[in-house]
Amino acid sequence: MDFQDRVKNWMTACFPAEATSDMQERLHRFLEEALELAQASGGSREDAIALVDYVFSRHPGQPQLEAGGVMVTLAGLCSASGFDMTEAGETELSRNWDRLEIIRAKRATRPGNSPLPQRN
């Protein structure tokens, strides 16, 4: 079974059915993780805001092509950072299986229809 299918199985075990297919929720969590990776790798808030302004000033691309771009640039960032992208993903998926209750509890504090992962 490939990684994407195993992540889908984990999501199905962790979340209510509607959460696994909620495009807005999945999009928000992806964006949160991408920003956390940028921050952890030395990116600045100012650069992130400048890039948000740049991207949203342009016409939207095609999701499948953009997903490919995400994968290629993530692989490049991981290589430049000196770690294996696949190993990092496998480690996080394994860690998530061990943290089902913690992840569910965090999600329960999330404000409805908000990109924010939890209430302040």
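Scroll up to find the structure this text is about.
1. Regarding the overall build of the chain
A tally of regular secondary structure across the chain gives 7 helices and 0 strands. When the helices and strands of the chain are read in sequence order from the N terminus, they spell out α-α-α-α-α-α-α. Each principal axis of the C-alpha distribution contributes one length, and for the chain these read about 35 × 35 × 30 Å. For the chain, the residues scored as buried account for 16% of the 120 residues in total. Considering only residue pairs separated by 6 or more positions, the chain has 57% of its internal contacts joining residues 24 or more positions apart. In the structure as shown, the chain presents an accessible area of about 9400 Å², 60% of it carried by carbon and sulfur atoms. Within the chain, the 18 negative side-chain charges are centred at a point lying 6 Å from the centre of the 13 positive side-chain charges.

2. A look at the packing of aromatic side chains
Scanning the model with the defined rule gives 1 aromatic pair in all. Aromatic pair Trp10 and Phe15: ring centres 5.5 Å apart, planes at 80°, arrangement edge-to-face. Judged by relative accessible area, which is 11%, Phe15 ranks as buried.

3. Quick look at the nonpolar core
In terms of nonpolar packing, the biggest core is built from 8 residues, these being Trp10, Met11, Cys14, Phe15, Ala19, Leu93, Leu100 and Ile103. Elements supplying a minimum of two residues to this core: α1 (3-14) and α7 (100-108). It is α1 that provides the largest number of residues to this core, a total of 3 residues. Setting aside residues no more than four positions away along its own chain, Ile103 makes contact with Trp10, Cys14, Phe15 and Asn96.

Parameters and conventions
- Residues numbered from 1 in each chain as written.
- Predicted model: local features only at pLDDT ≥ 70, side-chain atom pairs only at ≥ 80, totals over all residues.
- Heavy atoms only, no water.
- Helix = DSSP H or I, 4+ residues; strand = E, 2+ residues; numbered from the N terminus.
- Buried < 20%, exposed > 50% of the residue type's maximum accessible area, 1.4 Å probe, protein only.
- Contact = heavy atoms within 4.5 Å.
- Areas by Shrake-Rupley, 256 points an atom, 1.4 Å probe, with all protein chains shown as cover.
- Lys, Arg positive; Asp, Glu negative; His and termini not counted.
- Charge placed at Lys NZ, Arg CZ, Asp CG, Glu CD.
- Phe/Tyr/Trp six-rings, centres within 6.5 Å; stacked < 30°, edge-to-face > 60°.
- Core = buried A, V, L, I, M, F, W, Y, C linked by side-chain atoms within 4.5 Å.

On their own, these measurements won't tell you what the molecule is for.
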